[in-house]
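# An overview of the molecular structure
Each chain is listed here by its residues.
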Amino acid sequence: MRILLAVSGGIDSMYLLERASDLMPGASFGIAHCNFSLRGKESDGDEDFVRKAAQEKGIPFHTVRFDTEGYSAENGISIEMAARDLRYGWFGKICSENGYDAVAVAHNADDNAETLLLNILRGCGTRGLCGMQKETVRDSLKILRPMLDIGRGEILDWMETNGRKWREDSTNAEDGHRRNILRHKVIPIMKELNPDLLNTLRREMGRWKEVDGIAARYFREKAGKVTEDGKRISTEALLGLENWKYILWRLLEKCNFSAQTFDALCTLLESGRTISGKTFETPTHIVETETGFLSVRERTQEEKAPDPMEIAGPGTIRFGKHSLVVKLLRRDALESVKAPAGTVYFDRKKADFPLKLRQWRDGDRICPIGMKGSKKLSDIYGEAGLSREEKAGSIVIENSGKVICAFPLRTDKSVRIKDPDTSEVISISEL
């Protein structure tokens with residue numbers, strides 16, 4: 001079997017390289033390295049380091065350099081998502097052209113624990129509780145994860161004991177992203193409460209995988225009684241099932257409903273009212289009620305919401321149909337703390353880069369400047385007289401996982417300019 005090793009130069013991927021023959025005995029290997037051009041000389045240093053390691057071991061070396069930021073802006077997606085798309089697309093190409101049977105990546109037991117907790121934080125079913133699997137397929141590319149049973153501590157001990165070298169990624173020490181917050185703050189506390197945390201979570205993920213298999217068989221049996229294609233669902237047949245909410249959730253899983261929107265749909269169905277023409281929308285799908293049925297359709301390309309993306313710093317960015325200008329200003333350069341129409345201001349001390357842009361979701365809320373308490377963004381949009389299409393295309397700005405702005409209508413009081421404390425201001429306006 002010929003396996004392509006995805007090697008970034010970090011400790012995990014270098015462990016994968018050093019121990020590939022032990023982890024995947026009998027296989028032959030090649031090395032693939034992606035230079036995402038995100039960290040300047042540091043990225044180039046990683047590429048040189050991995051190339052040298054490949055030469056020393058006499059292993060075929062494949063490398064590519066991506067304009068990740070350009071791809072992110074062009075497609076209206078986050079840097080993280082852009083890197084993932086570029087990486088796996090290229091891995092598939094290299095495997096196809098060079099006869100590799102699969103690509104092996106260096107996800108370890110700690111990564112799997114973080115993935116499980118992230119899934120729980122965002123909300124997930126039994127499938128999300130299973131964590132990552134040792135073997136999956138993405139667009140016909142077989143992906144192997146031979147290190148899922150090995151913890152980060154064990155990897156560090158082996159590398160240091162055996163005098164192996166690796167490159168440190170400076171961004172790994174940052175706590176700006178959810179995964180790094182879990183990695184550096186939450187999981188260490190959990191390990192204090194349960195020193196055997198990784199093994200505990202691994203056992204539980206295995207059990208949930210069995211449960212998910214049972215649930216999947218149950219779903220397949222019942223779903224055929226309420227729909228033939230998943231696009232037209234009989235509400236009478238659905239409500240006749242004992243666990244109809246679970247069946248409906250699985251049928252609409254691809255729609256990515258928020259908990260609030262799904263609950264609102266269930267409440268309507270439970271009420272027994274036959275309201276035709278009521279719509280429930282997500283960034284990717286629209287579900288409409290008809291007499292006796294639910295109609296499910298995917299948004300057209302023009303209707304789809306862009307994927308979330310980061311605002312890394314000042315500049316001009318494109319997000320879906322929106323073109324935004326981001327500036328960093330001195331407070332004393334502003335005539336007033338009140339932003340002009342179409343512009344929002346944040347105190348940089350209270351909301352710094354990277355910021356996150358995403359489409360509005362049902363249930364989002366902020367504490368608007370000048371008001372007491374919080375308010376749903378849907379109410380803010382309603383008061384502003386936004387049409388259904390305008391509301392669907394509305395965007396929000398997040399900082400550290402918290403919504404701080406219904407752009408450009410209202411800003412959360414937590415990031416307001418407050419003299420004399422404010423020295424720098426982030427300004428965002430639409431072209």
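In this text the structure is predicted, and so the values were computed from the model without any measurement. (Residues numbered from 1 in each chain as written. Predicted model: local features only at pLDDT ≥ 70, side-chain atom pairs only at ≥ 80, totals over all residues. Heavy atoms only, no water.)

Attention shifts here to the overall build of the protein. The helix and strand inventory of the protein stands at 14 helices and 21 strands. Taken over C-alpha atoms, the radius of gyration comes to 24 Å for the protein, in line with the 22 Å a tight globule of 431 residues would show. Residues classed as buried in the protein amount to 43% of the 431 residues present. Counting contacts in the protein only where the partners sit at least 6 residues apart, residues at least 24 apart contribute 67% of the total. Accessible surface computed for the protein: about 22,600 Å², of which carbon and sulfur atoms make up 49%. For the protein, the distance from the average site of its 67 positive side-chain charges to the average site of its 66 negative ones is 2 Å. (Helix = DSSP H or I, 4+ residues; strand = E, 2+ residues; numbered from the N terminus. Rg over C-alpha atoms; globule rule 2.2 N^0.38 Å. Buried < 20%, exposed > 50% of the residue type's maximum accessible area, 1.4 Å probe, protein only. Contact = heavy atoms within 4.5 Å. Areas by Shrake-Rupley, 256 points an atom, 1.4 Å probe, with all protein chains shown as cover. Lys, Arg positive; Asp, Glu negative; His and termini not counted. Charge placed at Lys NZ, Arg CZ, Asp CG, Glu CD.)

Formed by 25 residues in total, the largest nonpolar core has its most connected members in Ile-3, Leu-5, Leu-17 and Met-24. For this core, the elements supplying multiple residues, two or more each, are strand S1 (2–6), helix H1 (11–18), strand S2 (28–35), helix H3 (41–57), strand S4 (102–104) and helix H7 (152–161). For this core, the element with the most residues is H1, which contributes 5 residues. Residues within four places of Leu-5 in sequence aside, it is in contact with Leu-16, Leu-17, Ala-20, Met-24, Phe-29, Gly-30, Ile-31, Ala-32 and Ala-104. Residues Val-226, Phe-262, Leu-265 and Leu-294 belong to the second largest nonpolar core, which totals 22 residues. (Core = buried A, V, L, I, M, F, W, Y, C linked by side-chain atoms within 4.5 Å.)

We now examine the sheet that holds strand S9 (residues 285–290). Spatially, S7-S10-S9-S8 is the arrangement adopted by the 4 strands of the open sheet, whose pairing is antiparallel. Where the open sheet ends on each side, the last strands, each with one partner, are strand S7 (232–234) and strand S8 (279–281). For this sheet, the mean angle separating the axes of adjacent strands, direction not counted, is 20°. Here S8 pairs with S9 via 3 bridges, running antiparallel. Residue pairing in the sheet places Phe-280 in a bridge with Val-287 of S9. Lying over the sheet, helix H12 (residues 259–271) contacts S8, S9 and strand S10 (293–298), oriented at roughly 160° with respect to S8. (Pairing = 2+ DSSP bridges. Axes fitted to C-alpha atoms, helices over the stretch in contact; angles between N-to-C directions.)

Nothing here speaks to function; it is all geometry.
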